[in-house]
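Survey of secondary and tertiary structure
Chain residues, written in single-letter form:
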Amino acid sequence: MTPQATPSPPKTTLRPSRGWSAVDFREILRFRDLLIVLAGRDIKLRYKQTAIGVAWVLLQPLLASGVFTLVFGLVFGQAERTAAVGLPFFVFAFANQMAWQAFQSTLSKSSASMVGNAHLVSKVYFPRLILPLSTVGSSLLDFAVAVPVLAILMGAYGLAPPVGLVTLPIWLGLILLLATGLGLTAATLTVSYRDVQYILPVLIPFLLYASPVAYPLANVPEHLRIYFYANPLTGLIEAFGWSVHGRINPCWPAVAYSALWAGVTFVFGATLFRRMERRFADVI
């Protein structure tokens, strides 16, 4: 009686992609366990060895909203203008800060994800796109922690949740999509040009003040608004704030423009990342 042959284990042949190719989301789905592990690692390490730990998630938007209320609300008179529509300026600033923090955190961490994990990129195979995508988890966690604080603030000021609140996940998703697309582009360029990691910390604060985070866009002189609407983040932040408090209506054509930009930016960033991925291990 002949012994039964042992079946050979399945083999996978790895070949670098050539030219411009679409992102293989099925491959990312196969590595979803690694995506979850990396996202969890980012969350655990973020506030490790800090004195107050996760409380920074709440203190950052609260402190920033307090500064904006003092400077823009009181010194520059924005508080009186938002109060005219029944909206406390601190609630306005805190809601916009939540949107901005989700954008800024995702962009900053995803852009540095490749260089920060060079030891993994150069030694182990996995879809490299997992690294920047894993940074979205900590941004979502920060957002989830801030939601109860926003609810408490609205209750303290007697603001009822508007009907538009059901659209909030849409605006948050588009903000994260835009941030991830820009982060993928920056991460790709950072592998070859380390200058990008020094340019971004300078550009991001400029983008903050060019976006209606600390002031309603309706208060900007009309002949200057076209320049603010050119910023793809403007429409999304306005729509996000409207879904929270319902007191200041966004410019819906600008929102559509921003949504289109978010989709195009993500597709471009992911495609560029995929195009340059085969060079990462050699030059990182």
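Residue positions are given per chain, counted from 1 along the sequence in the order it is written. Confidence filtering applies because this is a predicted model: local features only for residues at pLDDT of at least 70, side-chain atom pairs given and counted only at 80 or more, and all residues used for totals across whole chains, interfaces and linings. Excluding hydrogens and water, the side-chain figures rest on all heavy atoms present in the structure.

Each helix and strand counted, the protein has 15 helices and 0 strands in total. Note on exposure labels: buried denotes an accessible area under 20% of the residue type's maximum, exposed denotes more than 50%, and partly exposed covers the range between, all computed with a 1.4 Å probe on protein chains only. By residue count, 45% of the 284 residues in the protein fall in the buried class. Contact definition: two residues touch when any of their heavy atoms are within 4.5 Å. Pairs at least 24 apart in sequence give 79% of the contacts found in the protein among residues at least 6 apart. Surface accessibility in these figures is a Shrake-Rupley result with a 1.4 Å probe; residues are shielded only by whichever protein chains are displayed. A total of about 15,200 Å² of accessible surface is found on the protein, and carbon and sulfur atoms cover 67% of it. Counting from the N terminus, the helices are the DSSP runs of H or I reaching at least four residues and the strands are the DSSP runs of E reaching at least two.

If you trace the backbone, Thr-190 turns up in helix H10 (residues 168-192). In this structure Thr-190 touches Ser-111, Val-115, Val-196 and Gln-197, once residues within four positions along its chain are discounted.

What follows deals with the packing of helix H5 (residues 89-111) against helix H11 (residues 196-209). Where H5 contacts H11, the axes come no closer than 12 Å and their chain directions differ by 165°. As summarised for this structure, H5 and H11 are arranged roughly antiparallel, according to the angle between their axes. Judged by the twist between their axes, the crossing of H5 over H11 is right-handed. Residues Trp-100, Phe-103, Gln-104, Leu-107, Ser-108 and Ser-111 of H5 touch H11, and the partners they reach there are Leu-200, Ile-204, Leu-207 and Leu-208. Under the scheme applied, nonpolar residues are Ala, Val, Leu, Ile, Met, Phe, Trp, Tyr, Cys and Pro; charged residues are Asp, Glu, Lys and Arg; polar residues are all the others, including Gly. Class assignment of the residues belonging to the contact of H5 with H11 gives a composition of 7 nonpolar, 3 polar and no charged. As a rule, the C-alpha atoms of each element are fitted with a line to give its axis, helices using only the stretch in contact, and angles between N-to-C directions run from 0 to 180 degrees. For this classification, under 35 degrees means roughly parallel, over 145 means roughly antiparallel, 65 to 115 means roughly perpendicular, and everything else is oblique. What makes a crossing left-handed is the near helix being turned counterclockwise from the far one by less than a right angle; a clockwise turn instead makes it right-handed.

When charged atoms on two side chains of opposite charge get close, those side chains can pair. Basic side-chain nitrogens of Lys or Arg form a salt bridge, by our definition, when they fall within 4 Å of a carboxyl oxygen of Asp or Glu. Tallied over the entire structure, the rule returns 2 salt bridges. With a closest N to O distance of 3.6 Å, Asp-42 and Lys-109 form a salt bridge. A residue pair is termed long-range when its members are at least 10 positions apart, and Asp-42 in helix H2 (residues 32-46) and Lys-109 in helix H5 qualify at 67 residues. As a salt-bridge pair, Glu-277 and Arg-274 come within 3.4 Å of each other at their nearest N and O atoms.

Moving on to the side chain of Ser-110. One can find Ser-110 in helix H5. Within the local environment of Ser-110, its side chain forms a polar contact with the backbone oxygen of Thr-106, the two atoms lying 2.6 Å apart. Here Leu-107 takes part through its backbone oxygen, which lies 3.3 Å from a polar atom of the side chain of Ser-110. Beyond its immediate chain neighbours, meaning those up to four positions away, Ser-110 contacts Pro-132, Thr-135, Ala-179, Gly-183 and Ala-187. Contacts described as polar in this section are N or O atom pairs within 3.5 Å, which, within protein, must combine one atom able to donate a hydrogen with one able to accept it, while residues neighboring in sequence count only if both atoms come from side chains.

The subject of this paragraph is a nonpolar patch on the surface. Patch building starts from residues that exceed 30% relative accessible area and form no salt bridge, then joins like charges within 9 Å and nonpolar side chains (Val, Leu, Ile, Met, Phe, Trp, Tyr) within 5 Å. A surface patch of nonpolar side chains, about 590 Å² in accessible area, is lined by Val-67, Leu-70, Val-71, Leu-74, Val-75 and Phe-76. Relative to the helices and strands, Val-75 resides in helix H3 (residues 56-75). Take Val-75: its relative accessible area is 60%, and that puts it in the exposed class.

Right, let's get into the nonpolar core. By nonpolar core we mean a set of buried residues, namely Ala, Val, Leu, Ile, Met, Phe, Trp, Tyr and Cys, connected to one another through side-chain atoms within 4.5 Å. Counting 51 residues, the largest nonpolar core has Phe-68, Phe-103 and Phe-240 as the members making the most contacts within it. Listed by contribution, the elements that provide at least two residues to this core are H3, H5, helix H9 (136-156), H10, H11, helix H13 (232-245) and helix H14 (252-276). Counting residues per element, this core draws most heavily on H5, which supplies 13 residues. Apart from residues lying up to four places away in sequence, Phe-103 is in contact with Ile-175, Leu-178, Ala-179, Leu-182, Leu-207 and Leu-233. Judged by nonpolar contacts, the second largest core, of 16 residues, contains Leu-38, Leu-184, Phe-266 and Phe-273.

This part takes up the packing of aromatic side chains. Any Phe, Tyr or Trp ring, taking Trp's six-membered ring, that has another such ring centre within 6.5 Å forms a pair; planes under 30 degrees apart are called stacked, those over 60 apart edge-to-face, and the others tilted. Summed over the entire model, instances satisfying the criterion amount to 10 aromatic pairs. Measuring from centroid to centroid gives 5.7 Å for Phe-68 and Phe-72, while their planes differ by 80°, and the two rings are edge-to-face. Here Phe-72 and Phe-68 lie together in helix H3, a separation of 4 residues that amounts to about one turn. Residues Phe-68 and Phe-72 agree in their burial class; the two are buried. Ring pairing ties together the aromatic residues Phe-68, Phe-72, Tyr-209, Tyr-215 and Phe-228, which thus form one cluster. Over the face of the ring belonging to Phe-126 we find Arg-128, whose NZ or CZ atom lies 4.9 Å from the ring centre. Geometrically, a lysine NZ or arginine CZ counts as sitting over a ring once it is within 6 Å of the ring centre and also within 35 degrees of the ring normal.

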